[in-house]
Amino acid sequence: PLFFLSIVLHRVIPLDKVIMLDVDLKFDEDIRLLYNIFDEFSERSIIGIARENQPVYRHLFHQYRGKNPSTRVGAPPPDGLTGFNSGVLLLDLEKMRKSQVYNSLIDSPKTLETLTQKYLFKGHLGDQDFYTLVSMEHEDLFHILPCSWNRQLCVWWRDHGYGQVFDQYYTCSEQIKVYHGNCNSDIPALQWERQ
């Protein structure tokens, strides 16, 4: 249940904005700069989240992709709907409270069930599955964080059937601000640690 808390946090915490972080992160930048990204949200964006850096959702949406070969669903960036990684989340709780679209999705299991059936989706990754599925119909609810703010280091999918397309998802040419050691990946020693 803990992996779904972020979805309803706006209903239990009386704050305006929250940053939620996984424990397997290492910062190489001031977190205040991450908080400043809230100012970049569009009027309709309520959640800041980074793209998944692996073809996880290419795999999880494989049935839908098979029936819809020209779909953006599960396709790589910059134009694909890659799915999300919730290791770093910016939640504008005030905007989440006010969003009729968002609240209708969590208040009506039928609506979510309809999306699940439409996209032939069976997830296993908690809140990021929810955000990914919602983004297929409501991209505008999400502000895409640059890959530098959630640089996922896991390469599991590269070695499990997706080697030919892996780098299309994994490549991040920006200066890394937050390293994410997902899949028990080693996080490199940073310069501030060596001093």
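Everything here concerns the structure above.
Here is a short report on the structure shown in this document. (Residues numbered from 1 in each chain as written. Predicted model: local features only at pLDDT ≥ 70, side-chain atom pairs only at ≥ 80, totals over all residues. Heavy atoms only, no water.)

1. Let's talk about the side chain of H180
- Following the sequence through the fold, H180 ends up in strand β7 (residues 178-180).
- A polar side-chain atom of H180 sits 2.9 Å from a polar atom in the side chain of N150. (Helix = DSSP H or I, 4+ residues; strand = E, 2+ residues; numbered from the N terminus. Polar contact = N/O pair within 3.5 Å; in protein donor to acceptor, adjacent residues only side chain to side chain.)

2. Description of the packing of aromatic side chains
- If you walk through the whole model with that rule in mind, you get 14 aromatic pairs.
- Between the aromatic rings of Y131 and F142, the centroid separation amounts to 6.0 Å while the plane-to-plane angle is 70°, which identifies the pairing as edge-to-face. Pair noted here: Y131 is in helix α8 (residues 127-135) and F142 is in strand β5 (residues 142-145), with a separation of 11 residues, a long-range link. The residues Y131 and F142 share a single accessibility class, namely buried.
- Put simply, the rings of Y57, F61, Y64, Y119 and F121 touch in pairs and so form one group of aromatic residues.
- Over the face of the ring belonging to F38 we find K17, whose NZ or CZ atom lies 5.8 Å from the ring centre. (Phe/Tyr/Trp six-rings, centres within 6.5 Å; stacked < 30°, edge-to-face > 60°. Buried < 20%, exposed > 50% of the residue type's maximum accessible area, 1.4 Å probe, protein only. Lys NZ or Arg CZ within 6 Å of the ring centre and 35° of its normal.)

3. What to know about a nonpolar patch on the surface
- A surface patch of nonpolar side chains, about 360 Å² in accessible area, is lined by L2, L5, V8 and V12.
- By the secondary structure assignment, L2 is in the segment before α1 (5-8). (Patch = residues over 30% accessible without salt bridge, like charges linked within 9 Å, V, L, I, M, F, W, Y side chains within 5 Å. Areas by Shrake-Rupley, 256 points an atom, 1.4 Å probe, with all protein chains shown as cover. Salt bridge = Lys/Arg side-chain N within 4 Å of Asp/Glu carboxyl O.)

4. Considerations on the nonpolar core
- Of all hydrophobic cores here, the largest spans 42 residues; its most connected members are I47, F61, L91, Y102, Y119, Y131 and F142.
- Those elements that provide at least two residues to this core are β3 (47-51), α3 (56-60), β4 (84-92), α5 (93-98), α6 (100-107), α8 and α9 (166-170).
- Formed by 12 residues, the second largest nonpolar core is a distinct cluster that contains L25, F41, V88 and L145. (Core = buried A, V, L, I, M, F, W, Y, C linked by side-chain atoms within 4.5 Å.)

5. A word on the layout of surface pockets
- Roughly 630 Å³ of volume is contained in the largest pocket.
- Around the largest pocket sit 26 residues that line it, and F3, D22, S86, D127 and Q128 are the ones nearest its centre.
- Only β1 (17-21), β4 and α8 provide two or more residues apiece to the lining of the largest pocket.
- No other element matches β4, which puts 4 residues into the lining of the largest pocket.
- Tallied by class, residues from the lining of the largest pocket come to 13 nonpolar, 9 polar and 4 charged. (1 Å grid on protein atoms, 1.4 Å probe; cavity = no way out; pocket = protein on both sides within 12 Å on 5 of 7 lines; lining within 4 Å. Points joined across faces, edges and corners; volume = space filled by probe spheres on them. Nonpolar A, V, L, I, M, F, W, Y, C, P; charged D, E, K, R; others polar.)

6. Considerations on the sheet that holds strand β2 (residues 25-27)
- A sheet is described by the order of its strands in space; here 3 strands give the open sequence β2-β7-β6, paired in mixed fashion. Of all the strands in the sheet, just β2 and β6 (151-152) have a single pairing partner and so form its edges.
- Here β6 runs beside β7; their pairing, made up of 2 bridges, is parallel. By the bridge assignment for β7, Q152 is matched with H180. (Pairing = 2+ DSSP bridges.)

7. Brief notes about the state of the cysteines
- Counted by the stated rule, this structure contains 2 disulfides.
- Sulfur-sulfur distance for the disulfide between C147 and C172 comes to 2.0 Å. On the sign convention where negative means left-handed, the S-S torsion of about 80° between C147 and C172 marks this disulfide as right-handed. A residue pair is termed long-range when its members are at least 10 positions apart, and C147 in the loop between β5 and β6 and C172 in the loop between α9 and β7 qualify at 25 residues. (Disulfide = S-S within 2.5 Å.)

8. Overview of unusual backbone geometry
- Omega for the bond connecting P77 with P78 falls within 30 degrees of zero, at 10°, which places this linkage in the cis form.
- In this fold, P78 is placed in the loop between α4 (62-67) and β4.
- Positive phi, close to 50°, is recorded for L120, a residue that is not glycine.
- When you line up the elements, L120 lands in the loop between α7 (109-118) and α8.
- With a phi close to 60°, N184 is a non-glycine residue in the positive phi region.
- Structurally, N184 can be placed in the loop between β7 and α10 (191-194).

Worth remembering: the numbers are spatial, not functional.
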